[in-house]
Amino acid sequence: MKIRLWSVALAAAFVVLAVSAACAPGTAGEGRTSVLAFAEGMQEGYINWYGRTLHEGGAVIADNAASGFEVTFYGTSLQMDYRSEAYDNAANQLGWLEDGYLSVLADGADPADEETFVRMPLAETAQALILAADLEEGRHTFRVFKATEGLCTSWEVVGLRTDGYFLAPPDRPEYKIEVIGDSILAGNGAQRDIGEAERGSTAQENALRSYGCTAARLLGAEVNVFAVSGGCVGRYPQIAGANVLPELYGRAFPNRPDERRYFWDFTRCIPDAVIVDLGTNDLLAGLSGGMSEEDLLSSLQEQYRAFLGTLRDRYPDAAIFVCCGVYNHQDPTRPIQIGAYNHVFAAIASGLDNVWCYAFENCRSGHPDGEEHAAYAAELAEYMQTVLSWPV
């Protein structure tokens, strides 16, 4: 597997220069701007923001998996000034204190193309990252998303710059899909090849290649992801320190210090459909932690249905798809077959208005790899379309 780092400005003098330029108005001909600075706002006349993003501290925060932006410009290059830090706290159950990654999609590129997976070095102070250089001069549209989940690293976009000028962004998709999940939908392990072992690293995580994001793209929809590794539906005495998704769901950024998590304004992105894949960690931790199967399943069903009720209150008209069965637990000391509980998730969705359950065959080992996510996405998108009947 290849990873690519386009170019990072490491010299302090260059960084100072880059920040100064990003904070000053730039023009390339009358009425044309070559610099988008986010000191005063999100510049939404020139840029589409996706995911749970907020303007704060002279930058746009886009910590969460698959959050990011879309810009169109005329020119040959695109540079981003940014900040990014690793989260060394209890919520980061992965413990990955590493550089994060972006998915840099130029002119319709596919996230499965390894050249689009770009390392974003940690940077407490603003640093420049060249996203593109030496392009053919002309009109280009770049979509840049965070491949690494917000549990591990932050991402604050300070400014963008081109050697040409920025144009109005493309029209946004007509439909929206929200994706809610744990490490599976955060894309943990998705940036690895068939047979490649999971080694626990940001270099193997790519939310853009998760089956949730991929299904949304196949359906032509905008996607908004809230996925946290280790995420559980419920809280149990046997699971200490769990990332309980219903408790985190109202926050914009689940792993920032309490005073900087912020509450999310749900009116900013009202989905037409919601994909939820939760419960795997509840089963693994609960059953291996000494809970009786009867008590665990009863509690899981009660708390999962309560969370689905919360989603229905937020999104009265959305179709909700409860997905399950993907993870293949390989620890011989804890022989728990997640797929054996697919009937539980079917029961959770049963009887709820416009809530659908879709059970997958489990993957080869642990989390799905990139090829498996793509296959799951095609399968799910086809099923969703039978329910949604969106114009193709």
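For the structure given in this document, a descriptive report is provided here. (Residues numbered from 1 in each chain as written. Predicted model: local features only at pLDDT ≥ 70, side-chain atom pairs only at ≥ 80, totals over all residues. Heavy atoms only, no water.)

### Structural notes on the nonpolar core
- In terms of nonpolar packing, the biggest core is built from 80 residues, with Ile177, Tyr211, Ile275, Tyr304, Leu311, Leu380 and Met384 touching the most fellow members.
- In terms of residue count, the dominant contributor to this core is helix α5 (residues 293-314) (seven residues).
- Those residues in contact with tyrosine 304 that sit more than four places away from it in its chain are Val233, Val276, Asp277, Leu278, Val322, Phe345 and Ile348.
- Core analysis: the next-biggest nonpolar cluster, separate from the first, contains 27 residues, Val71, Leu78, Ala123 and Leu131 among them. (Core = buried A, V, L, I, M, F, W, Y, C linked by side-chain atoms within 4.5 Å. Buried < 20%, exposed > 50% of the residue type's maximum accessible area, 1.4 Å probe, protein only. Helix = DSSP H or I, 4+ residues; strand = E, 2+ residues; numbered from the N terminus. Contact = heavy atoms within 4.5 Å.)

### Some words on the pattern of salt bridges
- Considering all chains together, one arrives at 12 salt bridges under this definition.
- Linking arginine 364 and glutamate 372 is a salt bridge whose minimum nitrogen-to-oxygen distance equals 3.4 Å.
- In this structure arginine 364 comes out as partly exposed when scored by relative accessible area, which is 44%.
- A single network of salt bridges, built from pairs that share partners, joins Asp63, Arg83, Glu156 and Arg256. (Salt bridge = Lys/Arg side-chain N within 4 Å of Asp/Glu carboxyl O.)

### What about the side chain of asparagine 342?
- Mapped onto the secondary structure, asparagine 342 falls in helix α6 (residues 342-349).
- Among all residues touching asparagine 342, those that are not within four sequence positions of it are Cys324, Gly325, Ala359 and Phe360.

### Digging into the packing of aromatic side chains
- Considering all chains together, one arrives at 21 aromatic pairs under this definition.
- For the pair tyrosine 249 and phenylalanine 307, a centre-to-centre distance of 5.5 Å together with 85° between the ring planes defines the contact as edge-to-face. Here phenylalanine 307 lies in helix α5 and tyrosine 249 lies in the loop between α3 (245-248) and β18 (273-277), a separation of 58 residues in the sequence. The residues tyrosine 249 and phenylalanine 307 share a single accessibility class, namely buried. (Phe/Tyr/Trp six-rings, centres within 6.5 Å; stacked < 30°, edge-to-face > 60°.)

### Quick notes on the packing of α5 against α6
- Closest axis-to-axis distance for the α5/α6 pair is 9 Å, and the angle between their directions is 40°. Relative to α6, the element α5 lies oblique. Handedness of the α5/α6 crossing: right-handed. Residue-level inspection shows Leu297, Leu300, Gln301, Tyr304, Arg305 and Leu308 of α5 in contact with α6, the latter providing Val344, Phe345, Ala347 and Ile348.
- By residue class, the composition of the contact of α5 with α6 is eight nonpolar, one polar and one charged. (Axes fitted to C-alpha atoms, helices over the stretch in contact; angles between N-to-C directions. Parallel < 35°, antiparallel > 145°, perpendicular 65-115°, else oblique. Left-handed = near helix turned anticlockwise from the far one by under 90°. Nonpolar A, V, L, I, M, F, W, Y, C, P; charged D, E, K, R; others polar.)

### Topic: the environment of phenylalanine 307
- Exposure remark for phenylalanine 307: the relative accessible area of 2% places this residue in the buried category.
- For the pair formed by phenylalanine 307 and glutamate 247, sequence separation is 60 residues and the distance between their alpha carbons is 9.7 Å.
- Apart from the residues within four sequence positions on either side, phenylalanine 307 is in contact with Ile180, Pro246, Tyr249 and Leu278.

### Thoughts on the packing of helix α2 (residues 211-218) against helix α7 (residues 370-388)
- Following both chains from N to C, one finds α2 and α7 inclined at 50°, their axes separated by 8 Å at the closest point. It follows from the interaxial angle that α2 and α7 lie oblique. Regarding α2 and α7, the two cross each other, and that crossing is right-handed. Residue-level inspection shows Tyr211, Thr214, Ala215 and Leu218 of α2 in contact with α7, the latter providing His373, Tyr376, Ala377, Ala378, Leu380 and Ala381.
- The residue makeup of the contact of α2 with α7, split by class, is eight nonpolar, two polar and no charged.

### Examining the sheet that holds strand β19 (residues 319-324)
- Taken together, five strands build an open sheet; the order of strands is β15-β14-β18-β19-β20 and the sheet is parallel. At either margin of the open sheet sits one strand with a lone partner, and together these are β15 (222-227) and β20 (355-359). Geometrically, the sheet is characterised by an average inter-axis angle of 20° between neighbouring strands, direction not taken into account.
- Sheet topology places strand β14 (residues 176-181) next to β18; five bridges connect them, and they run parallel. Considered in β18, the bridge of isoleucine 177 is made with alanine 273. (Pairing = 2+ DSSP bridges.)

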